Amino acid sequence: MSEKTPGFDTLQIHAGARPDPATGARQVPIYQSTAFVFRDADHAAALFNLQEVGYIYSRLTNPTVAALQERMATLEGGAGAICCSSGHAAQIMALFPLMGPGLNVVASNRLYGGTVTQFSHTIKRFGWSAKFVDFDDMDAVAAAIDDNTRAVFCESIANPGGYITDLDAIAAISDRAGVPLIVDNTTATPYLCRPIEHGATLVVHSMTKYLTGNGTVTGGVIVDSGKFDWSANDKFPALSQPEPAYHGLKFHETFGPLAFTFNAIAIGLRDLGMTLNAQAAHYTLMGIETLSLRMEKHCSNAVKVAQWLERDERVAYVTYAGLPSSPYYDRVNRICPKGASSLFTFSLKAGYEACVKLIDSVNLFSHVANLGDTRSLIIHSASTTHRQLTEAQQIAAGAAPDVVRLSIGLEDADDLIADLDQALSKACA
Ligand SMILES: *Cc1c(COP(=O)(O)O)cnc(C)c1O
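None of the values given here were measured: they were computed from a predicted structure. (Residues numbered from 1 in each chain as written. Predicted model: local features only at pLDDT ≥ 70, side-chain atom pairs only at ≥ 80, totals over all residues. Heavy atoms only, no water.)

A. A look at the domain arrangement of the protein. Here the domain parsing of the protein yields domain 1 (8–287) and domain 2 (293–427). Placing the centre of domain 1 and that of domain 2 at their C-alpha centroids yields a distance of 29 Å. Across the contact, 37 residues belong to domain 1 and 41 residues belong to domain 2. Interface area, domain 1 with domain 2, both sides summed: about 3100 Å², of which 56% is carbon and sulfur. For the interface between domain 1 and domain 2, the tally reads 3 salt bridges. Where D166 meets R334, a salt bridge forms, and the shortest distance between an N and an O atom there is 3.1 Å. Taken together, the connections running from domain 1 to domain 2 amount to 16 residue pairs in polar contact (both at pLDDT 80 or more). Contributions of two or more residues to the side of domain 1 that touches domain 2 are made by helix 5 (113–120), strand 6 (163–164), helix 7 (167–177) and helix 8 (189–192). (Domains from an automatic or database assignment. Contact = heavy atoms within 4.5 Å. Buried area = accessible area lost by both parts, 1.4 Å probe. Salt bridge = Lys/Arg side-chain N within 4 Å of Asp/Glu carboxyl O. Polar contact = N/O pair within 3.5 Å; in protein donor to acceptor, adjacent residues only side chain to side chain. Helix = DSSP H or I, 4+ residues; strand = E, 2+ residues; numbered from the N terminus.)

B. Geometry of the sheet that holds strand 14 (residues 403–407). Taking strand neighbours across the sheet as the criterion, the 5 strands line up as 10-11-14-13-12 in an open arrangement whose pairing is mixed. Of all the strands in the sheet, the pair left with one neighbour each is strand 10 (315–319) and strand 12 (366–367). As judged from the 5 bridges shared by strand 11 (residues 343–348) and strand 14, these two strands associate in the antiparallel manner. Its bridge partner being in strand 14, S347 is matched across the sheet by V403. Sitting on the sheet, helix 13 (residues 291–311) is in contact with strand 10, strand 11 and strand 14, with an inclination near 10° to strand 11. (Pairing = 2+ DSSP bridges. Axes fitted to C-alpha atoms, helices over the stretch in contact; angles between N-to-C directions.)

C. Fine view of the pairing of strand 4 (residues 149–155). Of all 7 residues in strand 4, 7 are buried, a share of seventy percent or more. The sheet contact formed by strand 2 (residues 104–108) and strand 4 spans 4 bridges and is parallel. Bridged to V105 within strand 4 is A151. Note: strand 4 against strand 7 (residues 181–184), 4 bridges, orientation parallel. Opposite F153, over in strand 7, you have I182 as the bridge partner. (Buried < 20%, exposed > 50% of the residue type's maximum accessible area, 1.4 Å probe, protein only.)

D. How the structure looks around the site of the ligand. Neighbouring the ligand are 14 residues; G87, D184, S206, T208 and K209 lie closest to it. In this structure, an oxygen atom belonging to the ligand sits 2.7 Å away from a side-chain N or O atom of T208. For the ligand, whose unbound accessible area comes to 380 Å², protein coverage reaches 92%. (Near = heavy atom within 4 Å. Areas by Shrake-Rupley, 256 points an atom, 1.4 Å probe, with all protein chains shown as cover.)

E. Examining the state of the cysteines more closely. Applying the stated criterion across every chain yields a total of 0 disulfides. Cysteine C83 shares no disulfide, and the gap to the nearest cysteine sulfur, in C84, comes to 7.2 Å. Residue classification places C83 among the buried positions, given a relative accessible area of 1%. Residue C355 stays outside any disulfide, its sulfur separated by 8.5 Å from that of C428, the closest cysteine. What makes C355 buried here is its relative accessible area of 0%. (Disulfide = S-S within 2.5 Å.)

F. Local environment of the packing of helix 15 (residues 352–361) against helix 17 (residues 413–427). Where helix 15 contacts helix 17, the axes come no closer than 8 Å and their chain directions differ by 135°. By the angle between their axes, helix 15 is oblique relative to helix 17. For the pair helix 15 and helix 17, the crossing hand works out as right-handed. The segment helix 15 lies against helix 17, with A354, K357, L358 and S361 engaging L420, Q422, A423, L424, K426 and A427. Its residues placed into classes, the contact of helix 15 with helix 17 shows 6 nonpolar, 2 polar and 2 charged. (Parallel < 35°, antiparallel > 145°, perpendicular 65-115°, else oblique. Left-handed = near helix turned anticlockwise from the far one by under 90°. Nonpolar A, V, L, I, M, F, W, Y, C, P; charged D, E, K, R; others polar.)

G. Broad picture of the UniProt feature "modified residue: N6-(pyridoxal phosphate)lysine" (unreviewed entry) in the protein. What UniProt calls "modified residue: N6-(pyridoxal phosphate)lysine" (unreviewed entry) maps, in this numbering, to K209. The topology assignment puts K209 in the loop between strand 8 (202–206) and strand 9 (220–224). The residues touching K209, leaving out its near neighbours within four places in the chain, are Y112, T186, N370, L371 and G372. (UniProt positions renumbered as here; feature names shortened; annotations may be inferred.)

H. View of the packing of aromatic side chains. Considering all chains together, one arrives at 14 aromatic pairs under this definition. Through pairs of rings, three or more aromatic residues link up here, namely F228, W230, F236 and F260. When the ring centre of Y163 is taken as origin, the NZ or CZ atom of R110, which lies over that ring, is 3.9 Å away. Across from the ring centre of Y191, 4.2 Å away, lies the NZ or CZ of K338, which sits over that ring. (Phe/Tyr/Trp six-rings, centres within 6.5 Å; stacked < 30°, edge-to-face > 60°. Lys NZ or Arg CZ within 6 Å of the ring centre and 35° of its normal.)

Following this line, the structure appears as structure tokens:
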């Protein structure tokens, strides 16, 4: 046997999964159990003191969920991972150990609409705030970071605009400021982009999308790079200072590169309870087994459909970073060389009404507020997912009123093109 690190296709099937020690079951069992029996009173005490790692109660840890955590940490090249009940839960859980009242996160103005809403309104209830800036303007990003900034947040491939973030440049700015970079890698998946290799501290995902891949599960994950020095200054007391709820334990001193991971489980999941359930973890593990195969087809289908749309007279423009016409095409080679995923938008010359008519005229595409499904999906972002945003925010996010978003699935590209063609004929008649 060679010592070579296994390739992605091998890891997506095997990482985190061993034959079940009790039964030999080859697939990861669904451990549908709330609690786990302690060997004896000393064992229980050691687990509760975080002196020994093991299973106590499924709000904190569960063997099925742990297999998924190990798989995601491996695929992203991180030290540890924490699964959460949704992508949005993962975002709150990622910020929770870092933030506090009066502190802020510097975020890209090109983000998933739900994240813009979460960051613009809901986090204010915790006393946190977000400063949105154009992440192509490096001076603006650097200038937005102040003494109260505790995180920088962006998406590798931004949803929905076909925009790719220059992660290396943003990481360099975050690094200089001593602030962790959090990258939402939902649209790219670790098959197309590994943000930790570009300097990310934490990677978050909505596993609801391409990772599970078939529109069955709501789930999220945080992958911890293990590389950030939480004790370099006094900005991150939850990780560097004594924790009263654990007899004064200091997470960074005790757990080193796994400080964030242990904190997010022992404090975050314990007290916020945004836990992924074992059944959902199992579906997601099965989805990830075919991630590379699916992403290849998602990308090749997306290129075909985007090229066809770009040549169509009824279409004003197509924003897909996988097209040579995209201003972000050069970044594809650097950030996600295997492809630009399958989420993109296009604009109709005939405007808002035609977009609405198009959506009502498709047969094969499903009109849903989801992405990363085996099925091809269509949505008019301005009237749905990005509805809570102002028109200026919609335009900045690539979801202007005359723009339609597609998530290209795994069907035959010719069938998808034929469906769009007939729907465009009706919409633009
Ligand atoms: C869907 C999505 C989220 C939110 O995830 P949920 O699982 O729906 O909570 C966050 N970021 C991006 C990029 C998404 O596409």
